[in-house]
Amino acid sequence: MEHKIIFTGPVGAGKTTAIGTISDIPVVSTESRASDGVARLKATTTVAMDYGVMKLGEGLKVHLYGTPGQERFSFMWDIITIGGLGMVILVDNDGEDPLADLEFYVRAFDTFIKRNALVVGVTRMDKSPRPGLYSYHTRLKELGVQAPVFEVDARNRGDVSIMLQALLAMLDPGAQR
Ligand SMILES: Nc1nc2c(ncn2[C@@H]2O[C@H](COP(=O)(O)OP(=O)(O)O)[C@@H](O)[C@H]2O)c(=O)[nH]1
Ligand SMILES: [Mg+2]
């Protein structure tokens with residue numbers, strides 16, 4: 001069985017780090033030259049997307065995709081989510097307005113989230129303990145979204161693993177590591 005999980009969230013939230021922490025292969029970062037309209041605006045712009053794989057037990061593979069964080073690459077987002085079963089939104093708690101970031105990504109992936117499982121990982125809480133996790137729960141409730149919220153240091157394999165196990169349990173109760 002194969003699962004596809006998408007990591008999204010603002011630049012610096014820890015997407016690349018988290019995928020690298022948990023992946024059984026070195027992370028593949030694809031850099032492709034922007035084309036069409038974007039190329040005319042900025043020819044040298046690269047679009048980075050991360051890819052890793054987590055192998056679980058007999059024959060279960062979890063493909064991990066990280067979206068490019070910048071809003072101007074949002075045209076990529078719909079493509080990356082195709083075939084996805086679950087999503088991780090990582091939010092940098094040390095950012096300017098992390099709850100607004102959460103809301104932005106929940107709205108951006110609204111259609112996907114309605115049909116699939118979601119977990120939220122709050123990173124850099126060591127740098128900035130506020131807002132607390134309760135504020136994230138409240139904001140998600142206001143947005144009408146149900147998702148567990150975890151404090152995650154993207155560099156910590158245990159943290160990332162627990163969050164992903166929760167997500168996988170929402171997809172498939174048999175998937176465990
Ligand atoms: N202090 C601290 N740094 C973190 C944490 N999570 C991730 N980082 C660091 O944040 C930086 C940005 O992470 P990166 O994976 O490049 O973010 P991306 O833009 O979402 O891919 C990296 O240097 C990580 O090591 C955390 O919980 N605490
Ligand atoms: Mg990255």
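One structure accompanies this document, and this report is about it. (Residues numbered from 1 in each chain as written. Chains lettered and ligands numbered in written order. Predicted model: local features only at pLDDT ≥ 70, side-chain atom pairs only at ≥ 80, totals over all residues. Heavy atoms only, no water.)

Take the overall build of the protein chain next. Per the secondary structure count, the protein chain includes seven helices and seven strands. Listing the helices and strands of the protein chain from first to last along the sequence gives β-α-β-α-β-β-α-β-α-α-β-α-β-α. Contacts in the protein chain between residues at least 24 apart in sequence constitute 70% of all its contacts with a sequence separation of at least 6. Only carbon and sulfur atoms are counted for the fraction: they give 51% of the accessible area of the protein chain, which is about 9200 Å². (Helix = DSSP H or I, 4+ residues; strand = E, 2+ residues; numbered from the N terminus. Contact = heavy atoms within 4.5 Å. Areas by Shrake-Rupley, 256 points an atom, 1.4 Å probe, with all protein chains shown as cover.)

Next up on the list: the site of ligand 1. Around ligand 1, a shell composed of 16 residues is seen, among which G12, K15, T16, T17 and D126 lie nearest. At a separation of 3.3 Å, an oxygen atom of ligand 1 approaches a polar backbone atom of A13. Notes on ligand 1: free accessible area 590 Å², of which the protein chains cover 77%. No other element matches helix α1 (residues 15-22), which puts three residues into the shell around ligand 1. Tallied by class, residues from the shell around ligand 1 come to five nonpolar, five polar and six charged. (Near = heavy atom within 4 Å. Polar contact = N/O pair within 3.5 Å; in protein donor to acceptor, adjacent residues only side chain to side chain. Nonpolar A, V, L, I, M, F, W, Y, C, P; charged D, E, K, R; others polar.)

Their axes nearest at 9 Å, the elements α1 and helix α7 (residues 157-171) cross at an angle of 90 degrees. As the angle between them shows, α1 and α7 are arranged roughly perpendicular. Here A18, T21 and I22 of α1 come into contact with α7, specifically with R157, V160, S161 and L164. Of the residues contributing to the contact of α1 with α7, the split by class is four nonpolar, two polar and one charged. (Axes fitted to C-alpha atoms, helices over the stretch in contact; angles between N-to-C directions. Parallel < 35°, antiparallel > 145°, perpendicular 65-115°, else oblique.)

Okay, the packing of aromatic side chains next. Under the defined criterion, the tally for this structure stands at two aromatic pairs. On the numbers, 4.9 Å between centres and 80 degrees between planes, the contact of F104 with Y105 is edge-to-face. Taking NZ or CZ as reference, K4 lies 4.6 Å from the ring centre of Y65, over its face. (Phe/Tyr/Trp six-rings, centres within 6.5 Å; stacked < 30°, edge-to-face > 60°. Lys NZ or Arg CZ within 6 Å of the ring centre and 35° of its normal.)

This part covers the environment of G59. Following the sequence through the fold, G59 ends up in the loop between β3 (46-56) and β4 (60-66). Residues G59 and E2, 57 residues apart in the sequence, show an inter-C-alpha distance of 8.0 Å.

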